[in-house]
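Secondary and tertiary structure notes
Here's the letter readout for the chains.
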Amino acid sequence: MTVNQAAQRFVEDNKARKLTDRQLRKYRTVVEEVKERFGEIPIRSITVDDVRKIREAWKLAPITTQKRLEMLRSFFRFCMDSGWTDKNPARSIKLPVARFKPTMPFTDADMEKILWAADTIREIHPKMRVGIEKQVKALILLMRYSGIRISDAVGLKPDRIDAKGRLFLYQAKTGHPVQIPLPKNVLDALKESDEGNPYYFYSGVGTLKTQITNWQANLKKVFVIAGIARGHSHQLRDTFAVDLLTKGVSLATVSVLLGHKNINVTQRHYAPWVKSRQDALERAVKLSWGS
């Protein structure tokens, strides 16, 4: 079995597993690199040093390198399970050290500025279409109070919200169903911004990927107007998560609401904000104070 043949079978298997387009693109990127380097070489002849050289050519951040290596390991594990090789050369490559910075949510003051900026966006950018201010505000509120990713938000259909104001959807990355009650101000904003299209924030013309990029650009304009130039859409999701954690909601529950594949992902990004953890740390420190 050559590398080219193995890579093609790996891609086909991923399609059969019904992975999302986004996940498929990432895996294709990895296997295309392996194919370019090794092509018709038998898969069993690939060595640890061969994979190490692939890793050395990457000019990526440590976290991205970790993810890329995990995908390489997945490819060679697939080859092992298929009986085409008896080793996983990517498994012996050590992961780079990645220092995770704690997630920083928007403050209440930030959110007030952001919503004000959404209302006034056409005053700063008069060439933007009429109604954009209502839609961008609705998008902001939806992401802030549901914690969904911008890809899920832009692809949201009105029929995903039931008569009781609960949002139902399948998380884009995991495919897991979630049902989230939305507050009245979010429901009102969505109703006011609804232009009668198949989706709240997407007319159905063009690709959804392009619309997501356009909305990211619109949100960036809002953050700049609000004086938060380094703000990004994912912070709205972070704000949702941190708000729950600081109010005592368990990490396991927040993990489910965010649609993470496992609680370790949630732990890595949000551990500093867990109220029970912080309370325990404070109690431990106070023990040193004595009576």
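First things first, this report covers the structure right here in the doc. Throughout, residues of each chain are indexed from 1 in the direction in which the sequence is written. This being a predicted model, a pLDDT of at least 70 is required before a residue's local features are given, and a value of 80 or more before pairs of side-chain atoms are given or counted; all residues contribute to the totals for chains, interfaces and linings. Calculation of side-chain values draws on the structure's entire complement of heavy atoms; hydrogens and water are dropped beforehand.

Re the overall build of the chain
Numbering of helices and strands runs from the N terminus, with a helix taken as a DSSP run of H or I at least four residues long and a strand as a DSSP run of E at least two residues long. Secondary structure assignment for the chain yields 14 helices and two strands. Its C-alpha atoms put the chain at 70 × 60 × 35 Å along the principal axes. Partly exposed residues are those whose accessible area sits between 20% and 50% of the maximum for their type, while under 20% is buried and over 50% is exposed, using a 1.4 Å probe and protein chains only. Buried positions account for 42% of the 291 residues belonging to the chain. Whether two residues are in contact is decided by their heavy atoms: any pair within 4.5 Å suffices. A sequence separation of at least 24 residues applies to 63% of the contacts in the chain between residues at least 6 apart. Carbon and sulfur atoms form 53% of the exposed surface of the chain, whose accessible area is close to 16,400 Å². Counted as positive: Lys and Arg. Counted as negative: Asp and Glu, with His and the chain ends omitted from the count. Working definition for charges: the position is that of NZ of Lys, CZ of Arg, CG of Asp or CD of Glu. Here the chain contributes 51 positively and 30 negatively charged side chains, and the mean placements of these two sets differ by 3 Å. All accessible-area figures derive from a Shrake-Rupley calculation using a 1.4 Å probe, and residue coverage is judged against the displayed protein chains alone.

Examining the pattern of salt bridges
Salt bridge, as used here: a side-chain nitrogen of Lys or Arg that lies within 4 Å of a carboxyl oxygen of Asp or Glu. Considering all chains together, one arrives at 14 salt bridges under this definition. With a shortest N-O distance of 3.2 Å, arginine 144 and aspartate 243 are connected by a salt bridge. With arginine 144 in helix H7 (residues 132–146) and aspartate 243 in helix H11 (residues 234–246), the pair connects residues that are 99 residues apart, well separated along the chain. Residues arginine 166 and aspartate 162 are paired through a salt bridge, measuring 2.8 Å at the closest nitrogen-oxygen approach. Connected via shared salt-bridge partners are Asp49, Arg52 and Lys53.

Side note on the packing of aromatic side chains
Any two of the Phe, Tyr and Trp rings considered here, Trp counted by its six-membered ring, make a pair once their centres fall within 6.5 Å; the pair's planes then place it as stacked at under 30 degrees, edge-to-face at over 60, or tilted in between. In this structure the tally under the stated criterion is nine aromatic pairs. Geometrically, the ring pair formed by tyrosine 199 and tyrosine 202 is tilted, given 4.8 Å between the ring centres and 35° between the ring planes. A single burial state applies to tyrosine 199 and to tyrosine 202, both of which are buried. Judged by centre distance (6.2 Å) and plane angle (45°), the ring pair of tyrosine 200 and phenylalanine 201 falls under tilted.

Some details on the environment of isoleucine 121
Mapped onto the elements of the fold, isoleucine 121 is located in helix H6 (residues 121–124). Its relative accessible area of 0% is what places isoleucine 121 among the buried residues. As a C-alpha pair, isoleucine 121 and isoleucine 132 span eleven residues in sequence and 8.2 Å in three-dimensional space. Other than its neighbours up to four places away in sequence, isoleucine 121 contacts Met128, Ile132, Glu133, Val136, Asn218, Lys221, Val222 and Ile225.

Quick word on the side chain of arginine 68
If you trace the backbone, arginine 68 turns up in helix H4 (residues 62–81). Those residues in contact with arginine 68, other than ones at most four positions away along the chain, are Thr29, Val30, Glu33, Trp58 and Leu60.

Comments concerning the packing of helix H5 (residues 108–119) against helix H10 (residues 208–225)
In this analysis, axes come from line fits to C-alpha atoms, helices being fitted only over the stretch in contact, and the angle between any two N-to-C directions falls in the range 0 to 180 degrees. Interaxial distance between H5 and H10 falls to 8 Å at its minimum, and their mutual angle equals 115°. Considering only the axes of H5 and H10, their crossing is right-handed. Contact residues: H5 offers Ile114, Trp116, Ala117 and Ala118, while H10 offers Val222, Phe223 and Ile225. In this classification, Asp, Glu, Lys and Arg are treated as charged, Ala, Val, Leu, Ile, Met, Phe, Trp, Tyr, Cys and Pro as nonpolar, and every other residue, Gly included, as polar. Among the residues forming the contact of H5 with H10, the class breakdown is seven nonpolar, no polar and no charged. For any helix crossing, the convention is left-handed if the near helix is rotated counterclockwise from the far helix by under a right angle, and right-handed if that rotation is clockwise.

Thoughts on unusual backbone geometry
Working note: non-glycine residues mostly have negative phi, and peptide bonds are mostly trans. Look at lysine 18: it is not a glycine, yet its phi comes out positive at around 65°. Looking at the element boundaries, lysine 18 is found in the loop between helix H1 (3–16) and helix H2 (21–38). For lysine 18, a relative accessible area of 71% puts it in the exposed group.

Some points on the environment of lysine 134
Position of lysine 134 among the secondary structure elements: in helix H7. Residue class for lysine 134 comes out partly exposed when judged on its relative accessible area of 40%. Lysine 134 sits 135 residues away from histidine 269 along the chain, and the two C-alpha atoms are 31 Å apart. Setting aside chain neighbours within four positions, we find lysine 134 in contact with Glu192 and Ser193.

With respect to the packing of H2 against helix H3 (residues 48–57)
One can describe the packing of H2 onto H3 by two numbers: an axis separation of 11 Å at closest approach and a directional angle of 120°. In terms of their interaxial angle, H2 and H3 are classed as oblique. The hand of the H2/H3 crossing is right-handed. Contacts between H2 and H3 involve Glu33, Val34, Arg37 and Phe38 on the former and, on the latter, Asp50, Lys53, Ile54 and Ala57. Reported orientations rely on four angle classes, namely roughly parallel under 35 degrees, roughly antiparallel over 145, roughly perpendicular from 65 to 115, and oblique for the rest.

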